[in-house]
Amino acid sequence: MTGFGRGVAEHQGVRATVDIRTVNHRFLDLKLRGAQLPPAVEEALSQKIRAAIERGSVAVSVHITRAESAPASSWIDSAAAAAAHTELTAIAKQLGIAGPDLALVLQQPGVLIGPDRETDDAALAAATAKALDAALAQLDQMRKAEGASLVVELAKRMTELSTLRTRVAELAASLPAQLVKRLQERLAKLLADTTLEPARLAQEVVLLADRADVTEELVRLASHLDQAGALITGATAAGRRLDFLVQEIGRELNTIGSKSALTEITSAVVDAKAVLEKVREQIQNVE
């Protein structure tokens, strides 16, 4: 299901902006882009997103800035710098090369001291979590609006399929009588003045009707349609279950079509398959 959400939050001088974009996808495909986050913060964001979104292609962009009032990002340990310079100078003298410059001294371990990593990570985690909550809330509103439209559309298609299923059931009920009429007409042409015993005719009709019987398929089809209708109007994520039910509905329609002994049933099955294809396309938008 498509949607967009943006959230902005600040905590202890760390400002986080989170953008979420979702488009249709059969499974959950999550991509985090933007700022390099500590593994623990990135994992926390991923878990929260996976808990809120069950499927779709989800692109999350995170942008981090630090306020000017925040503590200095780093400082120099003068004693460590002096010791590093002395050691590097001695090595340079031994090698007969120029002494170290300031950039080389600053690169030595312990010379340039960064901020308290735990404190910075905690502020970063809090800011990104708040921003993500706001982005997910905005995304949810957009997806709910789209979902309301999809409910109307899919409910309409389910009604069409149910109507066609009823039509097939009515035609199937009239099948034995039509088979009798069809056999009598064919035999009349083949046998001319010869008559066929009623018992023999009835036996042939029973055999043909049994081969074309679709009672079980119609019962399963009705069950699948009822389940799909309940999922469409339900409040929980139903995309994957609807995927499965659409496959099962298609299987039942194929079986009914292959058993069909009447052109009217075949025609109704073709119409139902056309409607089902529209449902198949739409449920790709359903989470």
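Because the structure is predicted, anything quoted here is derived from the model rather than measured. (Residues numbered from 1 in each chain as written. Predicted model: local features only at pLDDT ≥ 70, side-chain atom pairs only at ≥ 80, totals over all residues. Heavy atoms only, no water.)

(A) Structural detail: the overall build of the chain. When helices and strands are tallied, the chain shows nine helices and six strands. A total accessible area of about 16900 Å² is found for the chain, and carbon and sulfur atoms account for 55% of it. (Helix = DSSP H or I, 4+ residues; strand = E, 2+ residues; numbered from the N terminus. Areas by Shrake-Rupley, 256 points an atom, 1.4 Å probe, with all protein chains shown as cover.)

(B) Fine view of the nonpolar core. Ranked by internal contacts, the top residues of the largest apolar core, which has 32 residues, are Leu161, Leu242 and Ile256. Where this core is concerned, the elements lending two or more residues are helix 4 (117–173), helix 7 (215–233), helix 8 (239–259) and helix 9 (263–282). Beyond its immediate stretch of four places on either side in the chain, Leu161 contacts Leu225, Ala272, Val275, Leu276 and Val279. Among the nonpolar cores identified, the runner-up in size contains 23 residues, and Ala16, Leu30, Leu37 and Leu124 belong to it. (Core = buried A, V, L, I, M, F, W, Y, C linked by side-chain atoms within 4.5 Å. Buried < 20%, exposed > 50% of the residue type's maximum accessible area, 1.4 Å probe, protein only. Contact = heavy atoms within 4.5 Å.)

(C) Structural view of the packing of helix 8 against helix 9. Where helix 8 meets helix 9, the closest approach of the two axes is 10 Å, and the angle between their N-to-C directions is 165°. One finds that helix 8 runs roughly antiparallel with respect to helix 9. Between helix 8 and helix 9 lies a crossing of left-handed hand. For the pair formed by helix 8 and helix 9, the contact residues are Val246, Ile249, Gly250, Leu253, Asn254, Ile256 and Gly257 on the first element and Ile265, Val269, Ala272, Lys273, Leu276, Val279 and Arg280 on the second. Here the residues of the contact of helix 8 with helix 9 are counted per class, giving nine nonpolar, three polar and two charged. (Axes fitted to C-alpha atoms, helices over the stretch in contact; angles between N-to-C directions. Parallel < 35°, antiparallel > 145°, perpendicular 65-115°, else oblique. Left-handed = near helix turned anticlockwise from the far one by under 90°. Nonpolar A, V, L, I, M, F, W, Y, C, P; charged D, E, K, R; others polar.)

(D) Here's a closer look at the side chain of Arg157. Relative to the helices and strands, Arg157 is located in helix 4. Non-local contacts of Arg157, meaning those with residues more than four positions away in its chain, are made with Val275, Lys278 and Val279.

(E) How the structure looks around empty space enclosed by the protein. Scanning the model with the defined rule gives one cavity of 30 Å³ or more in all. Surrounding the largest cavity, Leu161, Leu164, Arg165, Leu221, Leu225, Ile249, Leu253 and Ala272 form its lining. Contributions of two or more residues to the lining of the largest cavity are made by helix 4, helix 7 and helix 8. Of the residues forming the lining of the largest cavity, the biggest block, three residues, is contributed by helix 4. Residue composition of the lining of the largest cavity, grouped by class: seven nonpolar, no polar and one charged. (1 Å grid on protein atoms, 1.4 Å probe; cavity = no way out; pocket = protein on both sides within 12 Å on 5 of 7 lines; lining within 4 Å. Points joined across faces, edges and corners; volume = space filled by probe spheres on them.)

(F) Region of the structure containing the sheet that holds strand 2 (residues 14–23). Reading across from one edge, 1-2-4-3 is the order of the four strands in this open sheet, with mixed pairing throughout. A strand with exactly one partner marks an edge of an open sheet, and here the two such strands are strand 1 (3–11) and strand 3 (28–34). In this sheet, neighbouring strand axes are inclined to one another by 15° on average, regardless of whether the strands run parallel or antiparallel. Helix 1 (residues 39–52) rests against strand 3 and strand 4 (56–66) of the sheet, and its axis sits at about 145° to strand 3. (Pairing = 2+ DSSP bridges.)

(G) Representation of the side chain of Ser46 in the model. By the element assignment, Ser46 lies in helix 1. Exposure remark for Ser46: the relative accessible area of 12% places this residue in the buried category. Beyond its immediate stretch of four places on either side in the chain, Ser46 contacts Leu30 and Leu32.

(H) Here's a closer look at the pairing of strand 2. The buried fraction of strand 2 is high, at seven of 10 residues. Relative to strand 2, strand 1 runs antiparallel, the two sharing nine bridges. The residue bridging Arg6 from the neighbouring strand is Asp19, located in strand 2. Remark: two residues form the turn of the hairpin made by strand 1 and strand 2, two consecutive strands paired antiparallel; Gln12 in that turn has positive phi of roughly 50°. Across 10 bridges, the pairing between strand 2 and strand 4 is antiparallel.

(I) The environment of Lys273, seen in detail. With respect to the helices and strands, Lys273 occurs in helix 9. Spatially, the C-alpha atom of Lys273 lies 8.7 Å from that of Asn254, the residues being 19 residues apart in sequence.

(J) Focus on a nonpolar patch on the surface. Judged by side-chain polarity, Ile91, Leu95 and Ile97 come together as a nonpolar surface patch covering roughly 300 Å² of accessible area. Note that Leu95 resides in helix 2 (residues 78–95). Residue Leu95 is classed as exposed on the basis of its relative accessible area of 60%. (Patch = residues over 30% accessible without salt bridge, like charges linked within 9 Å, V, L, I, M, F, W, Y side chains within 5 Å. Salt bridge = Lys/Arg side-chain N within 4 Å of Asp/Glu carboxyl O.)

(K) Region of interest: the packing of helix 7 against helix 8. Running from N to C, helix 7 and helix 8 point in directions that differ by 155°, and their axes come no closer than 9 Å. In terms of orientation, helix 7 lies roughly antiparallel with respect to helix 8. Regarding helix 7 and helix 8, the two cross each other, and that crossing is left-handed. Every residue of helix 8 that contacts helix 7 at Glu217, Leu218, Arg220, Leu221, His224, Leu225, Gln227, Ala228, Leu231 and Ile232 is listed here: Arg241, Leu242, Leu245, Glu248, Ile249, Glu252, Leu253, Thr255, Ile256 and Lys259.

In short, the description is geometric, and any link to function would need to be established separately.
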